[in-house]
Every structure is written in C-alpha cells, then in structure tokens.
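One-letter residues, chain by chain:
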Amino acid sequence: DGVGPIIGEPPTTGWSTNTLGGSTVVADKGGYLFTSSGAGASETLRCQLRAFASGQTATFRIQPNLPMLNNASVFITVSDGTKFVQFYWQVSGSGVQSYACSKFNTATSWNSDYLAAQGGSWAQLMSAQWMRVRDDGTNRNFELSVNGLDWTLFHQHSRTDFLTATQVGWGVNDSVNRAFTARLRQCTVA
C-alpha cells in the first residue's frame, strides 16, 4: 500500500498470549487479526507477546478498526509476565483520539498514566499506525510514526521503572462492550 518501509510480515513463531477470554488472535492474510470479544466491562488487556531484552527495538504496524466508543483501544506493550506498560491509542465516543503510556499492575488493574495526550480525529486513527518501543540499555522509548520512517518520541522512562521487560507485544483493550478488530501488518523485534 506504499506506506512506510517493508520490515516484513510478523513472525509466525515465538508468540504467546495472555488470558484472551472470548477474544481471539489468528494468523490472517500475511499478518495477525485480533478480534476483541467486546465482553469486558472494565480495563482488560488482551495481548499477543514475544521475548524482549535490553538493547532491542520492537516495531509494529497496526491497523485498528475501532468503534466510536469510549476506551476502545489498540496498543503495544512491554511486560514482565505480570505487570504491563501499555502504549496505546484510543477513541472516545466523541471521536477524539488520544495516545497514552500507562502502567498496569495486571492485565485488569490499571495503575497510572506516565503520559496521556488528546487530539486528532477518529478518521486519522483509522489509518495505518506505526508504533515502537526502543530499549537503548538505559531507557524505554515509546515512539510514533505516520510512515514507519520518521519517528517522534512520545514518552521515555528508565528501562527498569515499574518493571523490567522480558516480553513485548500488541493487543486490544477488551472493555467497550462491542466487538472490534485490529490487524498486525508488520512487526520486527531486533
């Protein structure tokens, strides 16, 4: 589709999932299709995860298909197997898009935001999105891109703040009482 570099289809092995509930993630059309069950009434992170270590960068190209409902979100995350740092975009019922980097004690227990920002429109959110987490050995850097080539730092904190990441992944927040989907089109962890 001419958007961004070709970094390759997502790896077909090495993935695991946390508790998916009624949500699903399946290989589909050269990537992965995540379908939220829409059954959650509160924050519930559903994730597909793989190994991640100091010095690595994980780059994701995700195409969201979010309903215009409060808290409908798609994210990338780092985890220690229990806690999560979630870097996400979401849409509200009014069509306002927001980005945030947040701490979760567990997949169902929000702790606090590192940073949250609002702006943009629902239409912008529906275009292909590039997100990455870059562990430079000192800090975790959460970055956004519109094209996969030029990156903007959204948030940075110590690589051991709140958790020491052993996993990285992507997923949906299953909390809006309506099923929705997202596609992982490209992914690399190196």
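This structure is a prediction, so every number in the text was calculated from the model and none was measured. (Residues numbered from 1 in each chain as written. Predicted model: local features only at pLDDT ≥ 70, side-chain atom pairs only at ≥ 80, totals over all residues. Heavy atoms only, no water.)

### Quick look at the overall build of the chain
Of the regular secondary structure elements, the chain holds one helix and 14 strands. A burial count over the chain gives 51% of its 190 residues as buried. Considering only contacts within the chain whose residues lie at least 6 apart along the sequence, 66% involve residues at least 24 apart. Working note: accessible area of the chain is about 7,900 Å², and carbon and sulfur atoms make up 49% of it. (Helix = DSSP H or I, 4+ residues; strand = E, 2+ residues; numbered from the N terminus. Buried < 20%, exposed > 50% of the residue type's maximum accessible area, 1.4 Å probe, protein only. Contact = heavy atoms within 4.5 Å. Areas by Shrake-Rupley, 256 points an atom, 1.4 Å probe, with all protein chains shown as cover.)

### Quick look at the side chain of R50
Among the secondary structure elements, R50 is positioned in strand β4 (residues 45-51). The buried charged residue R50 lacks any salt bridge partner; its closest oppositely charged side chain belongs to E9, at an N-O distance of 13 Å. The contacts of R50, once residues within four sequence positions are left out, are P11, T13, G14, W15, T166, Q167, V168 and V189. (Lys, Arg positive; Asp, Glu negative; His and termini not counted. Salt bridge = Lys/Arg side-chain N within 4 Å of Asp/Glu carboxyl O.)

### A few points about the packing of aromatic side chains
To describe a pair of aromatic rings, you give the distance between the ring centres and the angle between the ring planes. Overall, the coordinates contain five aromatic pairs when judged by the stated rule. Measuring from centroid to centroid gives 5.8 Å for W15 and Y32, while their planes differ by 65 degrees, and the two rings are edge-to-face. With a gap of 17 residues between them, W15 in the segment before β1 (16-17) and Y32 in strand β3 (residues 31-36) connect regions that are remote in the sequence. As far as burial versus exposure is concerned, W15 and Y32 are alike and both buried. When the centroid spacing of 5.2 Å and the interplanar angle of 85 degrees are considered together, the rings of F34 and W170 count as edge-to-face. In this pair, F34 is assigned in strand β3 and W170 in strand β13 (residues 167-173), connecting sequence segments 136 residues apart. With relative accessibility at 0%, the residue F34 sits in the buried group. Put simply, the rings of F87, Y99, F142 and F154 touch in pairs and so form one group of aromatic residues. (Phe/Tyr/Trp six-rings, centres within 6.5 Å; stacked < 30°, edge-to-face > 60°.)

### With respect to the environment of D136
You can see D136 is positioned in the loop between β10 (129-135) and β11 (139-145). A residue is classified by how much of its surface remains accessible, and D136, at 39% relative accessible area, is partly exposed. Taking C-alpha positions, D136 is 10.0 Å from A53, a pair spaced 83 residues apart along the chain. Here the side chain of D136 touches T138 through a polar contact of 2.8 Å, landing on its backbone nitrogen. One polar contact links D136 to N141, side chain to side chain, over a distance of 3.4 Å. (Polar contact = N/O pair within 3.5 Å; in protein donor to acceptor, adjacent residues only side chain to side chain.)

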